[in-house]
Amino acid sequence: MEETRKKILSGIQPTNTPTLGNYLGALSNWVKLQEDYDCTYCIADLHSITVRQEPAQLRKQVYESYALLIAMGVDPQRSVAFVQSHNCQHAELSWVLSCFTQFGELSRMTQFKDKSAKHPENINAGLFTYPVLMAADILLYQADLVPVGIDQKQHLELARNVAIRFNNIYGDVFVVPDAYIPKTTAKIASLQDPTKKMSKSDENPNASISVLDDRDTIIRKFKRAVTDSDSRVVYAPGKDGINNLMSIYGAVTGRTYEETEKEFDGKGYGEFKLAVGEAVADKLAPIQEEYARLSADKKYIEQCMREGAEKAYKSSRRTLQKVYKKVGFAVI
Ligand code: TRP
């Protein structure tokens, strides 16, 4: 007998091409989770416009992100992969939940504080209520578990609090979601400053690898990766640069640190950096090929988007109806 599987929901903003760090730390995990959970994955385009976007560019990025998810191995048949704006219920639930979220708790969100400091000319209401929309994304699907990075943990905590508050007033309407923290997450650092997270928005293009970078670019960036003045490939505290490269090498080849140390015993950093670059390029090559194939077939992508949107709508319909009834709307 098949047990009912737990539900996973996660989202990613389409504003940047994912980095190797996003892939190894999060997206490759989304693919694996499909084996054990019912997964719903959302391209969070509504979230993206809290920061000003160039419309044509955003639209392109939505297609790119969606195709990339599939190219990486998210199966649109087995899971629900959809674009947030294609299911109108996110915005609808978000409004209701915003009436159950306090100004004070949103004011404490560190991402709001950071982003408003970064864009003092555009501190819009959407930037402020962004965590409510994220709570709606999660609660609409009655998700049990939400894989999130450390930067989103505070938002998930808010979603839990809002769910608990709502349930206390109206009965058990929402599943209270837990964060899903995988046992082995690869935390990939910048190639230029290994004390910082690898980020696509880094000004230095050599600091991050995009999952769509070509082979030569990948190898060149790894050759330039910042390391210390030692030359032995050994994992040791404080050697952030080489540790980061060893983590990356381990994540893409499956080798342990020990195995890597043995493999490069007596060899220098130069040789190791080249090997890491080649291993990363090999790992990304099939994804890039599949991505190229998919992005040449816009009809197919749109077909998947439509089916994903329909599945998403259906699976969240009941929750929204229930919420509307509970708060006293005349549901007809
Ligand atoms: N806010 C998340 C981010 O910027 C993306 C996101 C949107 C999300 N909706 C979500 C993540 C729901 C988890 C669950 O990374």
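What you see is a predicted model, and the numbers here were worked out from it, not measured in a lab.

Peer 1: So what's going on with the domain arrangement of the protein chain? Residues and values would help.
Peer 2: Segmentation of the protein chain into domains returns domain 1 (7–185 + 298–327) and domain 2 (215–292). For domain 1 versus domain 2, the separation of C-alpha centres amounts to 33 Å. Counting residues at the interface gives 8 residues for domain 1, matched by 10 residues for domain 2. Taking both sides of the interface into account, the surface hidden between domain 1 and domain 2 amounts to around 740 Å²; carbon and sulfur atoms contribute 87%. The largest share of the area that domain 1 buries against domain 2 comes from Leu20, Leu24 and Ala71, three residues that together contribute 57% of it. Run the count over domain 1 and domain 2 and you get 0 salt bridges. At the junction of domain 1 and domain 2, the tally comes to 0 residue pairs in polar contact (both at pLDDT 80 or more). Broken down by secondary-structure element, the contributors of at least two residues to the side of domain 1 that touches domain 2 are helix 1 (20–33) and helix 3 (55–72). The leading source of residues in the side of domain 1 that touches domain 2 is helix 3, at 5 residues. Its residues assigned to classes, the side of domain 1 that touches domain 2 comprises 7 nonpolar, no polar and 1 charged.

Peer 1: So what's going on with the pattern of salt bridges? Residues and values would help.
Peer 2: A side chain of one charge can pair with a side chain of the opposite charge if their charged atoms are brought near each other. With the rule as written, the count across this model stands at 11 salt bridges. The salt bridge involving Glu290 is made with Arg293; its shortest N-O contact spans 2.9 Å. In this pair, Glu290 and Arg293 are both assigned in helix 12 (residues 269–295), 3 residues apart and thus about one turn of the helix distant. For Glu290, a relative accessible area of 25% translates into the label partly exposed. Judged by its relative accessible area of 54%, Arg293 is exposed.

Peer 1: Pulling in residues and values, what's your account of the nonpolar core?
Peer 2: General note: in soluble globular proteins, nonpolar side chains tend to be found buried as a group. Leu20, Tyr66, Phe222, Ile248, Phe272, Val280 and Leu284 are the most contacted members of the largest nonpolar core, which totals 58 residues. At 11 residues, the largest contribution of residues to this core is made by helix 12. Shared between two domains, this core takes at least three residues from each, and those domains are domain 1 (7–185 + 298–327) and domain 2 (215–292). With residues up to four places along the chain from it excluded, the contact list for Leu20 reads Met198, Ile209, Val211, Phe222, Ile248, Val280 and Leu284. Membership of the second largest hydrophobic core comes to 37 residues, among which are Val132, Ile138, Ala163 and Phe166.

Cut-offs applied
- Residues numbered from 1 in each chain as written.
- Predicted model: local features only at pLDDT ≥ 70, side-chain atom pairs only at ≥ 80, totals over all residues.
- Heavy atoms only, no water.
- Domains from an automatic or database assignment.
- Contact = heavy atoms within 4.5 Å.
- Buried area = accessible area lost by both parts, 1.4 Å probe.
- Salt bridge = Lys/Arg side-chain N within 4 Å of Asp/Glu carboxyl O.
- Polar contact = N/O pair within 3.5 Å; in protein donor to acceptor, adjacent residues only side chain to side chain.
- Helix = DSSP H or I, 4+ residues; strand = E, 2+ residues; numbered from the N terminus.
- Nonpolar A, V, L, I, M, F, W, Y, C, P; charged D, E, K, R; others polar.
- Buried < 20%, exposed > 50% of the residue type's maximum accessible area, 1.4 Å probe, protein only.
- Core = buried A, V, L, I, M, F, W, Y, C linked by side-chain atoms within 4.5 Å.

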